[in-house]
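Analysis of the macromolecular model
Spelled out, the chains give:
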Amino acid sequence: DCCCSDVADIGCYLNTTVPTDLPTLPTVDTEVRLINQNPNTPGAQYSGLLEVYHNGVWGTVCNISWTFENSIVVCKLLGYPSVEHFYTSGINFPGNGSILLKNVSCNGSEYSLSDCDHNDWGQTQGCTHANDVGVVCTDNLALRLVSNTDRTSEGRVEVYHSDQWGTICDDLWSL
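In this text the structure is predicted, and so the values were computed from the model without any measurement.

Examining the confidence of the model for the protein chain
Of all residues in the protein chain, 70% attain a pLDDT of 70 or more, and the chain-wide mean is 77. Averaged pLDDT values for the elements of the protein chain fall to 49 in strand E1 (residues 9-11) and rise to 95 in strand E6 (residues 99-101). For residues 11-20, every residue scores under 50 in pLDDT, and the model assigns this stretch five contacts once sequence neighbours within four places are set aside. Below pLDDT 50 for its whole length, residues 22-29 participates in nine contacts with residues either more than four positions away or in separate chains.

Quick look at the structure:
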């Protein structure tokens, strides 16, 4: 539980040494894309039917067990910081061809859908294109530092979500 004294405070300082022993990110072996039926409409580049690329084939993803955390991984792979929402039914246009993934289970911190638990590639019995997943990413992740002083380089971290500013719990917060 987070309380008022458990919000994240940070200070940003010039001439700070950055550690050189940071972990290396794993190589991403799964590509993703969002296919939009109307590619010239506003927002089309970050919303649409989810397709994954595996072994030389693009295919869709079955909605069984699909979660918000799975969508976070997809949006991060596409360079967007956040998810607006996802569809597990009612996509305006279903995919065609192969359905490649089913029962995907991510926690949101993975670098690839391959890092998430899922059925073996292509093992999607019981799924049809009526079960295809759609994702809407957003680049609207706003952060700010709030301070009682005139120093703009330190303060309480706040995030803008659902039309309001809120604090971030500092449980497990680290550099």
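Regarding the side chain of Ser71
Following the sequence through the fold, Ser71 ends up in helix H1 (residues 68-77). A relative accessible area of 0% places Ser71 in the buried class. Within polar-contact distance, the side chain of Ser71 engages the side chain of Trp66 at 2.9 Å.

Quick notes on the nonpolar core
Ranked by size, the top nonpolar core spans 20 residues in total, and within it Leu50, Val61, Trp66, Val74, Val104, Leu113 and Val135 carry the most contacts. Of all the secondary structure elements, the ones that give two or more residues to this core are strand E2 (31-35), strand E3 (47-54), H1, E6 and strand E7 (134-138). With three residues, H1 is the single largest residue contributor to this core.

Some remarks on the environment of Leu77
Along the chain, Leu77 turns up in helix H1. By relative accessible area, which is 26% here, Leu77 ends up partly exposed. Note: C-alpha distance between Leu77 and Tyr111 (34 residues apart in sequence) is 7.1 Å.

Considerations on the pairing of strand E4 (residues 57-61)
Summarising the sheet, E3 and E4 pair through four bridges and their orientation is antiparallel. If you follow Tyr53 over to E4, its bridge partner there is Trp58. The loop that links E3 with its antiparallel partner E4 comprises two residues; one of these, Asn55, has a positive phi angle of about 50°. As defined by bridge partners, E4 adjoins E6 across two bridges and the pair is classed as parallel. Across the sheet, the residue bridging to Thr60 is Ile99, located in E6.

Conventions and cut-offs
- Residues numbered from 1 in each chain as written.
- Predicted model: local features only at pLDDT ≥ 70, side-chain atom pairs only at ≥ 80, totals over all residues.
- Heavy atoms only, no water.
- pLDDT = per-residue confidence, 0-100.
- Helix = DSSP H or I, 4+ residues; strand = E, 2+ residues; numbered from the N terminus.
- Contact = heavy atoms within 4.5 Å.
- Buried < 20%, exposed > 50% of the residue type's maximum accessible area, 1.4 Å probe, protein only.
- Polar contact = N/O pair within 3.5 Å; in protein donor to acceptor, adjacent residues only side chain to side chain.
- Core = buried A, V, L, I, M, F, W, Y, C linked by side-chain atoms within 4.5 Å.
- Pairing = 2+ DSSP bridges.

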